[in-house]
Amino acid sequence: MPFENFLGNPGAAAQVRAAVRDRAGNPTWLLSGPAGVGKTTLALRLGLGLNCQKPAPEGEFCGECASCQSFRGFDCLPELIEAGLEYRQAAARTRARELAPLMVEAHPQIRFFPPDGEMLTMAQAREAARMAQMRPDPGRHWVLILEGFDRARWMVQSAMLKVLEEPPAGCTLVLLAAHAREVLATVRSRARVVELGPVDSGELETWLAGQRPEMKHAELELIARLAGGCPGRARGLDLAAYRQKREFFMACLEALARPGGHIRLFGLTEGMRNQKEGVETQAEILYSLLQDVVYLKSGHSLAIRNLDARSRLEGWARQIGWNQLTQAVEQLDRLVGLSRRNLNRALAWDAWTLRLRARA
Ligand SMILES: [Zn+2]
């Protein structure tokens with residue numbers, strides 16, 4: 001298994017390396033930052049380092065010992081999660097979520113709990129708390145990673161409090177969150193909070209060129225910008241699919257730029273029903289467009305992300321007023337806030353356009 005360098009956030013990576021080197025890090029970590037910025041990768045590296053039998057002095061895992069060899073790879077999660085869901089479907093039990101909490105094994109000592117549906121469930125939190133109490137084999141260390149912890153209901157977050165208050169020896173919890181501040185204060189105060197920020201787009205582009213050598217320079221530059229500094233997003237970004245999704249929001253902006261265009265805007269929310277990703281992922285595309293319009297209106301044209309849509313964006317920057325822009329951003333913020341409380345996705349978009357319409 002080749003050693004992979006961690007891209008960006010050198011401060012966060014250094015904290016994890018130091019914890020591995022000293023074998024005395026906090027028992028609970030809270031890694032926060034946007035999706036795809038590297039939280040999961042960092043959590044996995046912590047787990048590998050703590051279990052490595054021949055760790056290098058600077059706190060890296062060796063990639064060769066029996067423990068490192070039993071790791072299923074940094075890219076193993078989507079496939080394992082899919083398999084976990086399939087297993088449950090095949091089991092066809094009515095209380096599948098409670099009886100078989102979704103959990104995947106990236107390594108014999110590293111367990112990953114992805115949100116089951118929209119968010120982590122109580123059954124998953126209970127399972128993680130139960131596992132935390134199990135003694136690991138000598139020289140081994142449990143690392144339990146809970147993704148989307150900030151979106152979990154407060155009851156679910158609270159279910160982990162006992163583990164946080166009396167951390168069992170030989171177990172490290174890693175809570176992943178888009179926004180650390182949305183994690184319960186009682187949880188946050190007991191965790192080592194590490195915030196990860198976007199990677200510089202030039203650095204991301206250089207890295208991407210190594211990952212996707214078939215791509216032309218202009219495409220690499222565009223993807224690096226669209227990914228908003230998140231390597232995980234950049235690596236898997238399919239430009240054609242992205243453009244197709246973006247077109248929906250471009251139509252929204254077009255409607256916003258035209259008087260009376262709101263009626264068409266309302267009808268467009270139909271297009272957002274049955275989309276696989278969550279509201280936040282969808283909203284990120286609209287945020288990037290709105291942000292670009294703001295950049296263009298304020299003369300920062302070099303900063304725009306949607307490089308391939310420059311001329312349309314320039315047109316909107318002239319047509320859409322600051323008031324309309326502010327309202328659109330405020331409504332979008334509100335929508336994303338609501339979606340974190342598990343609001344129905346289509347309803348959320350309808351509410352957003354209705355509010356804009358009311359103010360038009
Ligand atoms: Zn090793």
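None of the values given here were measured: they were computed from a predicted structure.

1. Brief notes about the overall build of the protein
Reasoning step 1: Of regular secondary structure, the protein possesses 18 helices and 6 strands.
Reasoning step 2: Residues counted as buried form 38% of the 360 residues belonging to the protein.
Reasoning step 3: Sequence-distant contacts, at least 24 apart, represent 70% of the contacts inside the protein between residues at least 6 apart.

2. A short note on the nonpolar core
Reasoning step 1: Ranked by size, the top nonpolar core spans 63 residues in total, and within it L31, L144, I145, L146, V174, L175 and L176 carry the most contacts.
Reasoning step 2: Residue assignment places this core across two domains, with domain 1 (10–195) and domain 2 (200–237) each supplying three or more.
Reasoning step 3: Residues within four places of I145 in sequence aside, it is in contact with A43, I110, R111, F112, F113, V174 and L176.
Reasoning step 4: Counting 21 residues, the second largest nonpolar core, distinct from the first, contains V293, L313, W349 and L356.

3. Observations regarding the sheet that holds strand 2 (residues 104–107)
Reasoning step 1: With mixed pairing, 6 strands are arranged side by side in an open sheet as 2-3-4-5-1-6. With one partner strand each, in any of the chains shown, strand 2 and strand 6 (192–195) form the two edges of the open sheet. Neighbour-to-neighbour, the strand axes of this sheet turn through a mean angle of 20°, independent of strand direction.
Reasoning step 2: Taken together, the 3 bridges between strand 2 and strand 3 (residues 110–113) define a ladder with antiparallel strand orientation. Residue pairing across strands places V104 opposite F112, the latter belonging to strand 3.
Reasoning step 3: Where helix 6 (residues 122–132) meets the sheet, it contacts strand 3, strand 4 (142–146) and strand 5 (171–177), and its direction lies at approximately 165° from that of strand 4.

4. Quick look at the packing of helix 13 (residues 239–257) against helix 15 (residues 279–297)
Reasoning step 1: Relative orientation of the contacting elements helix 13 and helix 15 amounts to 50°, with a least axis distance of 9 Å. Relative to helix 15, helix 13 is oriented oblique. Handedness of the helix 13/helix 15 crossing: right-handed. Judged by residue contacts, K245, R246, F249, M250 and L253 of helix 13 engage I285, L286 and L289 from helix 15.
Reasoning step 2: Residue classes in the contact of helix 13 with helix 15 are distributed as 6 nonpolar, no polar and 2 charged.

5. Some points on the confidence of the model for the protein
Reasoning step 1: On average, residues of the protein score 85 in pLDDT, and 88% of them reach the 70 mark or higher.
Reasoning step 2: Counted against residues more than four places away or in other chains, residues 263–267, with its pLDDT under 50, gives 8 contacts.

6. Details of helix 10 (residues 201–211)
Reasoning step 1: Restricting attention to buried positions, one finds in helix 10 the residues S201, L204 and L208. Seen from one end, helix 10 has its buried residues packed into an arc of 55°, which puts them on one side. When the buried face of helix 10 is taken as reference, the exposed residues oriented beyond 90 degrees from it are G202 and G210.
Reasoning step 2: Where helix 10 is buried, its residues meet helix 11 (217–226) and helix 12 (231–236).

7. With respect to the pairing of strand 1 (residues 28–32)
Reasoning step 1: Within strand 1, 5 of the 5 residues are buried, leaving the element largely enclosed by the surrounding structure.
Reasoning step 2: Burial of the side chains of strand 1 extends over both faces: T28, L30 and S32 are buried on one face and W29 and L31 on the other.
Reasoning step 3: Sheet analysis places strand 1 next to strand 6, joined by 4 bridges and oriented parallel. Pairing of S32 across the sheet is with E195, part of strand 6.

8. Notes on the packing of helix 15 against helix 16 (residues 310–319)
The packing of two helices is summarised by the inter-axis angle and the distance between the axes.
Reasoning step 1: Axis separation between helix 15 and helix 16 bottoms out at 9 Å; the angle between their running directions is 70°. The angle between helix 15 and helix 16 falls in the class roughly perpendicular. When the axes of helix 15 and helix 16 are compared, the crossing they make is right-handed. Contacts between helix 15 and helix 16 involve D292, V293, L296 and K297 from the former and L313, E314, W316 and A317 from the latter.

9. So, helix 1 (residues 10–22)
Reasoning step 1: Over its 13 residues, helix 1 runs 18 Å from end to end, which matches the ideal 18 Å to within 8%, given 1.5 Å per residue.
Reasoning step 2: Turning to helix 1, its buried residues are A12, A13, Q15, V16, R17 and V20.

10. Comments concerning the environment of L102
Reasoning step 1: Here L102 lies in the loop between helix 5 (96–99) and strand 2.
Reasoning step 2: Residues within four places of L102 in sequence aside, it is in contact with G84, L85, F113, P114, D116 and Q124.

11. Focus: the pairing of strand 5
Reasoning step 1: Of all 7 residues that make up strand 5, 7 are buried, and the element is covered over most of its length.
Reasoning step 2: Neither face of strand 5 is open: one carries C171, L173, L175 and A177, the other T172, V174 and L176, and all of them are buried.
Reasoning step 3: One ladder, built from 5 bridges, connects strand 1 with strand 5; its direction is parallel. Counterpart to T28 in the pairing with strand 5 is L173.

12. Thoughts on unusual backbone geometry
Working note: non-glycine residues mostly have negative phi, and peptide bonds are mostly trans.
Reasoning step 1: Its identity is not glycine, yet N9 carries a phi of approximately 45°, on the positive side.
Reasoning step 2: Here N9 lies in the segment before helix 1.

Conventions adopted
Residues numbered from 1 in each chain as written. Predicted model: local features only at pLDDT ≥ 70, side-chain atom pairs only at ≥ 80, totals over all residues. Helix = DSSP H or I, 4+ residues; strand = E, 2+ residues; numbered from the N terminus. Buried ≥ 20, exposed ≤ 12 C-beta atoms within 10 Å, placed from the backbone. Contact = placed C-beta atoms within 7 Å. Core = buried A, V, L, I, M, F, W, Y, C linked by C-beta atoms within 7 Å. Domains from an automatic or database assignment. Pairing = 2+ DSSP bridges. Axes fitted to C-alpha atoms, helices over the stretch in contact; angles between N-to-C directions. Parallel < 35°, antiparallel > 145°, perpendicular 65-115°, else oblique. Left-handed = near helix turned anticlockwise from the far one by under 90°. Nonpolar A, V, L, I, M, F, W, Y, C, P; charged D, E, K, R; others polar. pLDDT = per-residue confidence, 0-100. Arc of directions from axis to C-beta. Expected span 1.5 Å × (residues − 1).

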